[in-house]
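# What the coordinates show
Given next are the chains, with one letter for each unit.
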Amino acid sequence: MRAIHPAVAFGIAFALSATPPSSQAASRRSVSDAALAAAARSARVADVDYARGECGDERSVQAWLDDAVGDTARITWRGGACVLANPDNPIDAGSDWCGGATIVPKKDPKHPARIEVYFEKPVDGKPGKAYAFRAENHDVDGLDYKRDTRSFEIGYGQRFVDGYAMPEDDCD
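Rules used throughout
- Position numbers for residues count from 1 along each chain, tracking the sequence in the order it is written.
- Local features in this predicted model are restricted to residues of pLDDT 70 or higher, and side-chain atom pairs are both shown and tallied only at a pLDDT of 80 or more, whereas totals for entire chains, interfaces and linings draw on every residue.
- Excluding hydrogens and water, the side-chain values take into account all heavy atoms of the structure.
- One side-chain nitrogen of Lys or Arg within 4 Å of one carboxyl oxygen of Asp or Glu is enough to make a salt bridge.
- Numbering of helices and strands starts at the N terminus; helices are DSSP runs of H or I of at least 4 residues and strands are runs of E of at least 2.
- Each residue is assigned to one of three classes by its accessible area relative to the maximum for its type, calculated with a 1.4 Å probe on protein chains only: buried under 20%, partly exposed between the two thresholds, exposed over 50%.
- Scored from 0 to 100, pLDDT reflects the predictor's confidence in each residue.
- Residue contacts follow a heavy-atom distance rule, with two residues in contact if any of their heavy atoms lie within 4.5 Å.
- Any two strands with at least two DSSP bridges between them are considered paired.
- Only the stretch in contact is used when fitting a helix axis, every axis being a line fitted to C-alpha atoms; angles between N-to-C directions are given from 0 to 180 degrees.
- Here the arc refers to the set of directions running from the helix axis out to each C-beta atom.

Let us now look at the pattern of salt bridges. By the definition in use, this model includes 13 salt bridges. Here Arg52 and Glu153 are joined by a salt bridge, their closest N and O atoms 2.7 Å apart. Residue Arg52 is located in helix α5 (residues 50–54), and its partner Glu153 is located in helix α7 (residues 149–160); the two are separated by 101 residues in the primary sequence. Between Asp108 and Arg159 there is a salt bridge, with its nearest N and O atoms 2.7 Å apart. Taken together, the residues Asp108 in the loop between β2 (98–105) and β3 (113–119) and Arg159 in helix α7 connect sequence positions 51 residues apart. The exposure class of Asp108 is buried, given its relative accessible area of 15%. Through salt bridges with shared partners, one network takes in Arg44, Asp47 and Glu58.

Structural data, given as structure tokens:
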């Protein structure tokens, strides 16, 4: 058996000790993906949706989403960089710090919906302040991009919730 050249042994040891790409991205963000997912679930709707903020909606995003989709879907939470971002439009540019959910409707699993909560830069290894909501779903008119929770609820409800009735305005 031949001995491994020291340079090759060093290269193998270095490669085996290297941080996986997903962990590298999380450390570059300075907050874990799990922390971003948890922060998205617990963010207040009032903080990420201007209209609902004016109405004082104190529900968590998770409670709101549970109310919106009920038992019509399977929900999976994640954290990381924003995927619903549109860098060409500053209001939708997103950031490296998002938490969100994929909503897979039981009636049409080939057309999942997605929501995201945007966060400011992390502070002391914790997600920054939640500041925006973005979503996309296949509503009755096709794939649509949303900036507020009410639009998501209506689009999702019309397509996937039996006996859906559009809610009255939240507040005056």
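Attention now moves to the confidence of the model for the protein chain. Note that predicted coordinates carrying low pLDDT should not be read in detail. Per-residue confidence for the protein chain gives a mean pLDDT of 84, with 81% of residues at or over 70. The secondary structure element of the protein chain with the lowest average pLDDT is helix α1 (residues 6–17), at 40, and the one with the highest is helix α3 (residues 33–42), at 98. Taken as a whole, residues 1–27 scores under 50 in pLDDT and shows five contacts with residues more than four places along the chain or in a different chain.

Turning our eyes to something else, we now look at the sheet that holds strand β4 (residues 130–139). Read from one edge of the open sheet, five strands run β1-β2-β3-β4-β5, paired in antiparallel fashion. The open sheet has two edge strands with one neighbour each: β1 (73–80) and β5 (142–146). Between one strand axis and the next, the sheet turns through 15° on average, direction left out of account. Where β1 meets β2, eight bridges bridge the pair, whose relative direction is antiparallel. From the neighbouring strand, Ala73 faces β2, where its bridge partner is Pro105.

Turning next to α3. Listed in full, the buried residues belonging to α3 are Leu36, Ala37, Ala39 and Ala40. Buried residues in α3, looked at end-on, bunch into an arc of 165°, giving them a common side. Those residues of α3 that are exposed and aimed more than 90 degrees away from the buried face are Ala34 and Ser42.

Now for unusual backbone geometry. Look at Asp124: it is not a glycine, yet its phi comes out positive at around 55°. Within the secondary structure layout, Asp124 lies in the loop between β3 and β4. The class for Asp124 is exposed, based on a relative accessible area of 75%.

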